[in-house]
Amino acid sequence: MKIVICLKQVPATNDTKIDPETKRIIREGVKAILNPFDTYAVEEAIQLRDKFGGEVIALSMGPPKAEEILKEALALGVDRAILLSDRAFGGSDTWATSYALAKAIKKISDVDLVICGKQAIDGDTAQVGPGIAAHLGWSQATYVMAIEEVSSFFIRVKRMHEDGYDICEMPFPVVITVVKDINIPRVPTLKGRLASLKKEIPIWKPKDIKVDKSKIGLDGSPTRVVKIEPPKPRHINTKKIEGSAPECARSLLRELRLRNII
Amino acid sequence: MLHHIRNRTYLVEVLPPKQDSENLEADLEKFSHRYLRVINSGYCVCITDNTMGHLSFQGSEIIEEFELPVLPEQVMIHLNTFHRKDDLDNILNTCKYKGIKYLLVVTGDGSIRLPKLRPVDLDFADADSITSVELLKYLNSEYAGIFVTGVAFNPYEPEEHEFEKMDRKIKAGAKFIITQPLLGRNKVIDKLLKKYPEIPVFVEAWMSKNLTLLSEAIGYELPERKDFDPIANLKMLHKLYPGCGVYLSLLKFKTQYDLLKDTWI
C-alpha cells in the first residue's frame, strides 16, 4: 500500500498575528510545529504500513522552513518526504494548495491512500483534504475515527459526525481526513531523530509537478478574504487537570493557591 | 538507597535534550558530558522525564544510543505516567537491559504530544486514571526484583492528602522518597521523617537562583528572595537533615559543580 500523508507547519501559538495588507497569517519569527491533527495522520499511516506493507510518503507545501516538520515525520518512521516550495506557491488558498498537492500526488504515482489531519489549527478550514480528493477525482471520507477494514480493493472507515457515526466503504484510491480519536500518536525516538538528520528531502518546484501556474499562488486562489482578525482574547489561561477525582481536586487547589485566589 | 546517604552520594539531576532542540547534536554532547562528569565524580545521575510536559528524549535511549556507562548505583531514571504503553515498555526494557535499577516514579505533567497511560494499558480496569501509585504497582508486579522504585513527596501540598497518598505509594512498593525543593527547615518534612523512619529520604536542593521557576514547579507561590544563595541553602539542608540524602536540581555545572566536593562534610 502506497500512502501519502499531507502535513502542514503551523504557528505554535494562539497569539496569531495577521498581516493587514495581505490578510495572511504572519509566520516570521513565530515558533512553528507540525499541525497537531496531522500527527494522527502520521500515526495511522505508519500503523497501516506496518500491518499491510508498502510505503509512507510525507508531503508538505510551504517555505523551506517547513522541512522541519518533514524531518519530524521521518523521525517518526515515515519512509520519505517531499516538500513543495517555491515563491510561486506563496499565497495559495485551500483550493490552490489542494490543487498543487494533488498534482504532487499524481507525480508520486500509484498512490492508494492519502491521509490528512481533519484541519490545520491556524486556518481551521478543513478544506484541503476534500480539495485534494476533488482535484484527483477520488473518493473521500472526512472525520474518520477508525479504519475498520482494508482489502485489496476497498477501505471501510468509521466517520464521526455530530449525531453519531457513519460506516463508509470506498474503492481505492481514497482520500481520508482523520480525527484525534483514531489513534494515539507516537513521539519520535532519538534513533529516529538522528536518522532523519541524514535524510535528504527533495524540493519540488511548480515545473516538477507540471502545475498550471495560473492555478497556484495568489492568482490561482479564488478565495478573497474581505476581513480577517484573530478572535478577541478571552484573558483565560486554560489548564486541563487530569487524574482521579481526589487528585484533580488537589491539583485544582494547588493552582488556585498559586494564583493567590484562595 | 541508604548507602547513597552513608557514602554522601549526591543525586544530581540532568535534563535530557528537548525534542525541538535546534542543535540536537551539541545538546546531546552536553548531556553526555554532564552524565559522565557525574558518574566520574562518584555521584548518581538522575535523568528527568519530559519535565513540565516539555517533550524531551528519554534518558534510557540516550544511554543506549551513545553507549554511556551504567553503574547501577549511579544512575536513576525518572518515569512518569505520560507515555504510550509501547513507549513505556521500551523504556523499561532498555533500563532492564542496560542494568539501570533506580526509577523515580512520578505522575508528571502532560502536554498535547504526551499521551497519558490509560488504565487498560496497565490492567487497572477499575481505576479512574493512572497515577504514580498505579504505575508503582505495575512496576513492582511486572518487573518484581528488577527495579528499585522511589517516589516524590510534596510538602507544599495539603498535608493530610499528601501523607495519605504517601501511604498508598509505600504500599505500592516505594523504597525511597525524594522531596520537592526545600528552602530551609520544613515541618512537614520533619513529620515525614518521623512517620517513615525506615525509608531513605532525599531532600531536594534547588540550585537555581530563580525562585519563580520553583514556585511554578511546586505549584505554590514562594516569596521572591533576591539574596537566595543555593550553595548556602544546600549547606543548611545538610545541617538540618543530616540523616537524609540530597537531590540537586538545576545544578550549574560551570559554576557550582566543583563546589560540591567540600559541601557535604
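Rules behind the numbers
Sequence order as written defines the numbering, with residues in each chain counted from 1. For this description, chains carry letters from A and ligands carry numbers from 1, given in the order in which they are written. Since the coordinates come from a predicted model, pLDDT governs what is reported: local features require at least 70, and pairs of side-chain atoms require 80 or more to be given and counted, while whole-chain, interface and lining totals use all residues. By the criteria applied, helices consist of DSSP H or I runs no shorter than four residues and strands consist of E runs no shorter than two, each listed in order from the N terminus. Our radius of gyration looks at C-alpha atoms and nothing else; its globule reference is 2.2 Å times the residue count to the power 0.38. Partly exposed residues are those whose C-beta has more than 12 but fewer than 20 other C-beta atoms within 10 Å; with 20 or more the residue is buried, with 12 or fewer it is exposed, and the C-beta atoms are placed from the backbone. By definition, residues are in contact whenever their C-beta atoms, placed on the basis of the backbone, come within 7 Å of each other. Ten residue types, Ala, Val, Leu, Ile, Met, Phe, Trp, Tyr, Cys and Pro, are classed as nonpolar, four, Asp, Glu, Lys and Arg, as charged, and the remainder, Gly among them, as polar. A helix is expected to span 1.5 Å for every residue after the first. In this description, the arc belongs to the directions extending from the helix axis to the C-beta atoms. By convention the nonpolar core is taken to be a set of buried residues drawn from Ala, Val, Leu, Ile, Met, Phe, Trp, Tyr and Cys and joined through C-beta atoms within 7 Å. At least two bridges found by DSSP between two strands are what make those strands a pair. Geometry is summarised by axes, namely lines fitted to C-alpha atoms with helices restricted to the contacting stretch, and by angles between N-to-C directions that run from 0 to 180 degrees. Angles are sorted into four bins: roughly parallel if under 35 degrees, roughly antiparallel if over 145, roughly perpendicular if 65 to 115, and oblique for all others. In this scheme, a crossing is called left-handed if the near helix is turned counterclockwise away from the far one by less than a right angle; it is called right-handed if the turn is clockwise. The pLDDT value tells you how sure the predictor is about a given residue, anywhere from 0 up to 100.

Peer 1: Run through the overall build of chain A, naming residues and quoting values.
Peer 2: The number of helices and strands found in chain A is six helices and 11 strands. For chain A, whose C-alpha radius of gyration is 20 Å, the value lies close to the compact-globule estimate of 18 Å for 262 residues. In terms of principal-axis extent, the alpha carbons of chain A reach across some 65 × 50 × 45 Å. Each of the 262 residues in chain A was classed as buried or not, and the buried ones make up 40%. Long-range pairs, those at least 24 residues apart, make up 69% of the contacts in chain A with a sequence separation of at least 6.

Peer 1: Quick one: what's the story with the interface of chain B and chain A, residue by residue and with numbers?
Peer 2: Interfaces are frequently sized by the accessible area removed from exposure as the parts join. With 24 residues of chain B at the contact, the number on the chain A side is 21 residues. In terms of residue count, the dominant contributor to the side of chain B that touches chain A is helix H3 (residues 59-65) of chain B (three residues). Looking at the side of chain B that touches chain A residue by residue, the classes come out as eight nonpolar, eight polar and eight charged.

Peer 1: Summarise helix H4 (residues 85-98) of chain B; cite the residues concerned and give the values.
Peer 2: All names here are of chain B. The first and last C-alpha atoms of H4 sit 20 Å apart over 14 residues, in line with the 20 Å expected at 1.5 Å per residue. Of all the residues in H4, the buried ones are Leu88, Ile91, Leu92 and Cys95. For H4, the buried positions fall inside an angular range of 90° around the axis, keeping them on one side. H4 presents Asp86, Asn93 and Tyr97 as exposed residues on the side facing more than 90 degrees away from its buried surface. Here the buried face of H4 lies against H3 and strand S3 (75-79). Of the residues flanking the end of H4, it is Gly99, one or two places downstream, whose phi is positive at about 80°.

Peer 1: Any chance you could break down the nonpolar core for me, citing the residues and the numbers?
Peer 2: Counting 70 residues, the largest nonpolar core has Val12, Val45, Cys46, Phe202, Val203 and Val246 of chain B as the members making the most contacts within it. Excluding anything up to four places from it in sequence, Val203 of chain B contacts Thr179, Leu182, Ile189, Leu237, Tyr241, Cys244 and Val246 of chain B. Within the second largest apolar cluster, 66 residues are counted, among which are Leu48, Tyr143, Val144 and Val174 of chain A.

Peer 1: Could you give me a rundown of the sheet that holds strand S2 (residues 44-47) of chain B, with the residues and numbers involved?
Peer 2: Residue and element names in this part refer to chain B. Here we have eight strands rolled up into a closed barrel, ordered S1-S2-S3-S4-S5-S6-S7-S8, and parallel in their pairing. Geometrically, the sheet is characterised by an average inter-axis angle of 25° between neighbouring strands, direction not taken into account. Pairing analysis gives four bridges linking strand S4 (residues 102-105) to strand S5 (residues 148-153), with the strands arranged parallel. Opposite Leu104, over in S5, you have Gly150 as the bridge partner. Running at roughly 175° to strand S1 (residues 11-14), helix H2 (residues 24-40) makes contact with S1 and S2 of the sheet.

Peer 1: Tell me about the packing of helix H3 (residues 94-108) of chain A against helix H4 (residues 128-136) of chain A, and name the residues and values.
Peer 2: Residues and elements named next belong to chain A. It is at 8 Å that the axes of H3 and H4 come closest, and there the two elements cross at 55°. Here H3 lies oblique to H4, going by the angle between them. As H3 packs across H4, the resulting crossing turns out to be right-handed. Here Thr94, Trp95, Thr97, Ser98, Tyr99, Leu101, Ala102 and Ile105 of H3 lie close against H4, whose contacting residues are Val128, Gly131, Ile132, His135 and Leu136. Each residue belonging to the contact of H3 with H4 can be placed in one class, and the counts come to eight nonpolar, five polar and no charged.

Peer 1: Account for helix H9 (residues 230-240) of chain B, with residues named and values stated.
Peer 2: All names here are of chain B. What H9 keeps buried is the set Pro230, Leu234 and Leu237. Seen end-on, H9 carries its buried residues on one side only, within an arc spanning 60°. Looking at H9, the residues exposed on the side facing more than 90 degrees away from the buried face are Ala232 and Lys239. Elements that come into contact with the buried residues of H9 comprise strand S7 (201-206) and strand S8 (245-249).

Peer 1: So, the confidence of the model for chain A: which residues are in play, and what are the values?
Peer 2: Considering every residue of chain A, the mean pLDDT works out to 91; 97% of them sit at 70 or more. Taking the mean pLDDT of every element in chain A, the minimum, 84, falls on helix H6 (residues 245-258) of chain A and the maximum, 98, on strand S1 (residues 2-7) of chain A.

Peer 1: Run through the sheet that holds strand S5 (residues 80-84) of chain A, naming residues and quoting values.
Peer 2: Residues and elements named next belong to chain A. If you trace the nine strands from one edge of the open sheet to the other, you get S9-S8-S7-S10-S6-S1-S4-S5-S11, paired in mixed fashion. Strands at the two margins of the open sheet, each flanked by one partner only, are strand S9 (164-171) and strand S11 (203-204). In terms of strand pairing, strand S7 (residues 139-150) meets strand S10 (residues 174-178) through four bridges, oriented parallel. Bridged to Ser139 within S10 is Val174. Strand contacts of helix H2 (residues 67-76): S1, strand S4 (55-61) and S5, with the helix running at about 165° to S5, the strand carrying the most contacts. Across the sheet, H3 is in contact with S1, S4, S5, strand S6 (113-117) and S11; its angle to S4 comes to roughly 150°.

Peer 1: Any chance you could break down the packing of H2 of chain A against helix H5 (residues 190-198) of chain A for me, citing the residues and the numbers?
Peer 2: Between two packed helices, both the angle of their axes relative to each other and the distance between the axes serve to describe the pair. Residue and element names in this part refer to chain A. Across the interface, H2 lies against H5 with an axial gap of 7 Å and an inter-helix angle of 130°. When the interaxial angle is binned, H2 and H5 end up oblique. For the element pair H2 and H5, the recorded crossing hand is right-handed. Counting all contacts with H2, which are made through Lys71, Leu74, Ala75 and Leu76, the residues of H5 involved are Gly192, Arg193 and Ser196. Each residue belonging to the contact of H2 with H5 can be placed in one class, and the counts come to three nonpolar, two polar and two charged.

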